[in-house]
Amino acid sequence: MVWTGTWVAERLGVELIGDEALPDLLGLALRRNPKRAHLLVSNVLGKHVPQRPSVVHGHGYALGRRVRDLLGREEAARGVVLGYAETATALGHSVADGMGLVPYLHSTRRPVRGVASAGGFEESHSHATSHLLLPEDPKLLAGDGPLVLVDDEFSTGNTVLNTIRDLHERYPRERYVVVALVDLRSAADLGRLESFAREIGARIDLVAGATGTVRLPDEVLAKGRALVTAHQSAQPSDPPRQTPGNTPVRVELGWPAAVPDGGRHGFTAAHAVALNDALPAMTERLTEALGGARRVLVLGFEELMYAPLRLALALERAGRDVRYSTTTRSPVLAVDDPGYAIRTRLVFPAHDGPADGPGERYAYNVAGGGFDAVVAVVDSVADTPELHAPDGLLARLAAHVPHVVLAVVPSYIPETTDRPTDRAALDRVTHAAAPDQVTGTAAAVRARAADQVVLDRATHAAAPDQVTGTPAPDQAPEAPERSSMLPEPLRGPAFSSYAPEEVGWLLQDLSDVQLEAPTEEREEAIQSGGAHYAESLPVEYQPSARYQELFRTALDASADRIARAVGTVTETVLAERSPRPVLVSLARAGTPVGVLMRRWAQARHGLDLPHYAVSIVRGRGIDANALRWLAAHHDPADVVFVDGWTGKGAITRELAEALADHQDREGGPGFSPEIAVLADPGSCVRTYGTREDFLIPSACLNSTVSGLISRTVLRSDLVGPHDFHGAKFYRELAGADVSGAFLDAVAARFDEVAAAVDADVKELLAADRTPTWEGWAAVERISEEYGIHDVNLVKPGVGETTRVLLRRVPWKILAKRGAGAADLAHVRLLAEQRGVPVEEVDELPYSCVGLIHPQYTRGATGADGKAVVSQ
C-alpha cells in the first residue's frame, strides 16, 4: 500500500523519521499557509481523513490510560484535561475518558458574551495564534491536581510552553502532563520542557503515541508555495449539482439539554454519565433516518468533534460501516493521488458567524469516498441560512453523497450568560432562513435562534468593519485554523479620521485615559530615568494662525516633490519586495506615507493593498502582538514596513533588533527588517523615495495631519501581555484636522509626476543603494562637539527637528547654511515662539538638526551654562 506522504516527500524532499508506526499514523499534504509548507495529516485524529470512530476514540482513550498509569489512579482522579481547538478537541476528550471521566476543557476560537476568559495562550506556528479558555466554572483550572494538556502533534513545544507559562502564573500547580499522538520534536527542542520545568519549579511529563521527527530541506517554504501555485489551477470547482430528490433531511436527536455539546465551557463526569444514558435513544433516531444506507460518514463541525464522534461510535457499535471526520478551517491543497493524504476537498462558506469574520471552510476526502449517506452534525449556533444556502455545506455534501442527514446539537449556554432579547435581530434571522425540509418553520427558526445565542455571537464578533458592518477590504482571503484572541484592527471613523479602507490600526483605543503631561515635566522624568517617553503623551500643540498658514504654503509648494517620492518608493517596493505588498506603517509618522503609497498603487496599478499601522517604541521594540496578528493574517514575506523619514537610523536599528528577537521567540517565516521611507537623508535604508532632507508637511503638525491619532503609548498598567500598544483618538480636534487635505493635495499630483517617477525608479533599481549611515556618523560628531554625549538627544532632519520643537524641551537648532528657506520656515517660527536659538552651520548632511536640552531639569542649564526658555 502506498504511503500517503509519498507525493510530497518526492517533490519537496520532506522526510518522516522515527518509529515504524509513524507512516501508519501520518501522511503529508501541502498547506496554503505562509508559516509551513507541509501539513502532517493524521490518519487517526478524525479531522482530515475519515476513519473508523473506534480507531479515533481508541487512540485517545489508550493515551488516557497511559496517563492514569503514570500518575496513579488517585492522582489522576484529581486531574483536569485541557485540549486544543480545533484539531484536538475530541482527542483531549477521549484522553479524559481514558483517565476515568475527569473534568475536561478545550480552548476555543469562539468568544461567548458573559463568559469570562480564564486565560489565553499562543500557538506561534499556526495561521492564528491565540486561544481562549472559557470555563463555566472559573474554579475548574484553579485546583492543585495535575493538568493534562493534549494536542495532536508535539513539534517545537512552543504551544505547550506558552500555555503552561500563562496558566502557571494564574493557577500554579506541581505537575503537568503533555499528551500527543506524535512527538516530532527536533533535537534542539528536546530539552526545552525539562529546563522550563526547572524554571517554574514543577514537573512536566510527556506521553506520546509515537516518536520521530520531520526533516525539511532548505527552501522548503518557497518550493511548497511553488507547488501549491502550480496545482491550485487544477483544483475542482465543485459546483453544487444537487439532484432532484436528494434533499437533506433533519433528524431530531433528543440531545439532553443539561449536557454540553463539548468541552468549550467544561465537561464533567456527571455530564459524561448523562450522555451515556442518552446515546441509545439518539442512535435509534439516527438509524431510522439513515434507512438502508450501509457505508456512512458522520461529519463533525470544526471544534464540535467529540459529540459527533460519540454518535459515530454508537452507530458503529450498532453494526453500521461508519467513518468519522470533521470540517475544518485549515486550507489544504487537494491532489487526487494515492500517495497524497488529501485526495478531494469540498469548499463552502463559514456558517457560524465566526468572530474573525466570514471565510472559506473545507471538508476533505468526503467526495469520492464511496459513502451511501453522511450525517452532518453541527451545533445550533451553526444551523444558519449559510449552512442551507445553495453553496453551503449541505448542498456541497448532497452533490456527492446520495443521502444527507442533518443532526443539530444544541449549543450549550452557560448559566452566567444572558439570552438574546432583541426581537428585531431574531426576526432578521427568521426571515433569512428559507423554510424547507431542513430548516423547518419560521417559528422553529425563531425558537432555535433564541436558544442558540445568535445575538451573543453577532454582538461579540470583532471582525466586521466598524462603519459598514462588512468585513474590512484587506481581510485575508484564507480563514485561520485557530482564531486569534487579539481584536481586529481599529478603523475610522470610530478610530481616526481616515476612511476605514485607508488603514487598519493594530492598536488599542486609550482615548478615555488621561495621558498628557506638560512638556517640561515629561522631559525631566525621561532624562532622569523616572519614565519612558512612551508612557505619557505631550500636550497636543495647537498651531497658531500664522503656523497654519505656513503649513498650507508648504503643502502647496512641496506637493509635487512629495508625490514624486511617494511614487518612487511605491514602485520600488512593487518591483523589488512584493507584487502585492502588505503595507505596515510605523505609527504615526509612517501612517500618512502608507496611505499615500496605497493610493498610488491603486491609482497606477488598480491594486487594493492592505495597510495597517503598528507601534514601535525606541528601547522597547515593535508591538509583538501586532506582529502575531499580521503573521496570522498575511505571509510575513509580503509585509513591508513603512516610515516617513530616517533621521540617524535609530528606528531602523530598533526594528531590525526587534524582528530578530521576535523570530527567535516565535520561529516560522520572519519579517524583513528593511523599512521603506519617503525620505532617507541619513542614508540608513535601501528603499526610499528620495535622500533629500526636505520639508514633508505631515511633519509640521501632530495628530491633526495624522488622522487625529496620538503617538503610541506603552505602559504596563494599560497594556497587558495580550494587548496591542495604545493610542488616543482626538475627536475634539476635528475642526482643525487637515489629514484628508494633505492626502488629497499630494494624490492630486500623481499624474503630473508619473513620468519623473518612472525615470527615478529606473535609475534607482540600477544604482548601488547600500546604506552608508552618514547620518549616524554626523549625529555622533555633533553629540561630542556640543558636549551632549547622548545621541538620543540629537534629532537630525526637518521632521525630527520639528518633533523636538513640538514635543520636547529644545536647547538649540542647527540649520545648514544655505538650506531652502521654505523648508525651514516653520522650524524658525517654532524656534522663535519657544525662544530657542537657531545656529547656522556648514557641512551638515541635513537641512537642520534639533538638539534636545541635555540633562534637563526645570531650572537646569545646558552644556553652555545657559538656562533654557520654556513656554
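Going by the structure above, here's the rest.
Throughout, residues of each chain are indexed from 1 in the direction in which the sequence is written. Note on the predicted model: pLDDT of at least 70 is required for a residue's local features to be given, and 80 or more for side-chain atom pairs to be given and counted; whole-chain, interface and lining totals, by contrast, use all residues. Calculated side-chain values reflect all of the structure's heavy atoms, with hydrogen atoms and water omitted.

## Quick notes on the packing of helix 17 (residues 545–576) against helix 22 (residues 750–766)
Throughout, an axis means a line fitted to C-alpha atoms (over the contacting stretch in the case of helices), and angles, computed between N-to-C directions, take values from 0 to 180 degrees. What counts as a helix is a DSSP run of H or I of at least four residues, what counts as a strand is a run of E of at least two, and both are numbered from the N terminus. For the pair helix 17 and helix 22, interaxial distance at closest approach is 8 Å and the crossing angle is 50°. In terms of orientation, helix 17 lies oblique with respect to helix 22. The two elements helix 17 and helix 22 meet at a crossing, and its hand is right-handed. Contacts from Asp-560, Ala-563, Arg-564, Val-566, Gly-567, Thr-568, Glu-571, Thr-572, Ala-575 and Glu-576 of helix 17 reach helix 22 at Phe-750, Glu-752, Val-753, Ala-756, Val-757, Asp-760, Val-761, Leu-764 and Leu-765. Angles below 35 degrees are treated as roughly parallel, those above 145 as roughly antiparallel, those between 65 and 115 as roughly perpendicular, and all remaining angles as oblique. If you view the pair so one helix is near and one far, a crossing is left-handed when the near helix is turned anticlockwise from the far one by less than a right angle, and right-handed when it is turned clockwise. Residues are treated as being in contact if the distance between any of their heavy atoms lies within 4.5 Å.

## Some details on helix 21 (residues 739–747)
Buried means the residue's accessible area, taken with a 1.4 Å probe over protein chains only, is under 20% of the maximum for its type, while exposed means over 50%, and partly exposed covers the values in between. Along helix 21, the residues that are buried comprise Ser-739, Phe-742, Leu-743 and Val-746. An end-on view of helix 21 places all buried positions within 95° of arc, on one side of the element. On its buried face, helix 21 is in contact with helix 17, helix 18 (590–605) and helix 22. This arc is built from the directions going out from the helix axis to the C-beta atoms.

## What to know about the environment of His-789
Among the secondary structure elements, His-789 is positioned in the loop between helix 23 (774–785) and strand 29 (794–796). A sequence separation of 65 residues divides His-789 from Pro-854, and the C-alpha atoms of the two residues are 8.7 Å apart. With residues up to four places along the chain from it excluded, the contact list for His-789 reads Ser-783 and Glu-784.

## What to know about the packing of aromatic side chains
Two aromatic rings are characterised by how far apart their centres lie and by the angle between their planes. Pairing of aromatic rings covers Phe, Tyr and Trp, the last counted by its six-membered ring, and requires centre-to-centre distances within 6.5 Å; plane angles under 30 degrees mean stacked, over 60 mean edge-to-face, and any other angle means tilted. What the rule picks out here adds up to nine aromatic pairs. Note on Tyr-498 and Trp-505: the rings are 6.3 Å apart at their centroids and 10° apart in plane angle, and the pair reads as stacked. Assigned by exposure class, Tyr-498 and Trp-505 land together as buried. With 4.9 Å between their ring centres and 75° between their planes, Trp-600 and Phe-750 make a pair best called edge-to-face. Of the two residues, Trp-600 sits in helix 18 while Phe-750 sits in helix 22, which places them 150 residues apart along the sequence. Overall, the relative accessible area of 1% leaves Trp-600 in the buried class.

## Brief notes about the side chain of Glu-488
By the element assignment, Glu-488 lies in the loop between helix 15 (454–460) and strand 18 (504–505). For the buried residue Glu-488, which engages in no salt bridge, the nearest side chain bearing the opposite charge is Arg-491, 6.6 Å off. In this tally, Asp and Glu contribute negative charge and Lys and Arg positive charge; neither His nor the terminal groups of the chain are included. For salt bridges, the criterion is a side-chain nitrogen of Lys or Arg within 4 Å of an Asp or Glu carboxyl oxygen.

## Re the sheet that holds strand 29
Pairing in this open sheet of four strands is mixed, and the strands run 29-32-30-31 from one edge to the other. Single-partner strands in this sheet number two, and they are strand 29 and strand 31 (838–841). Neighbour to neighbour, the strand axes of the sheet diverge by 20° on average, direction disregarded. Following DSSP output, two strands are said to pair if at least two bridges run between them. Alignment of strand 29 against strand 32 (residues 848–852), held across three bridges, turns out to be antiparallel. Within the sheet, the bridge partner assigned to Val-794 lies in strand 32 and is Leu-851. Against the sheet, helix 25 (residues 821–834) contacts strand 30 (810–816), strand 31 and strand 32, and its axis sits at roughly 150° relative to strand 30.

That's the geometry; what it means functionally is another story.
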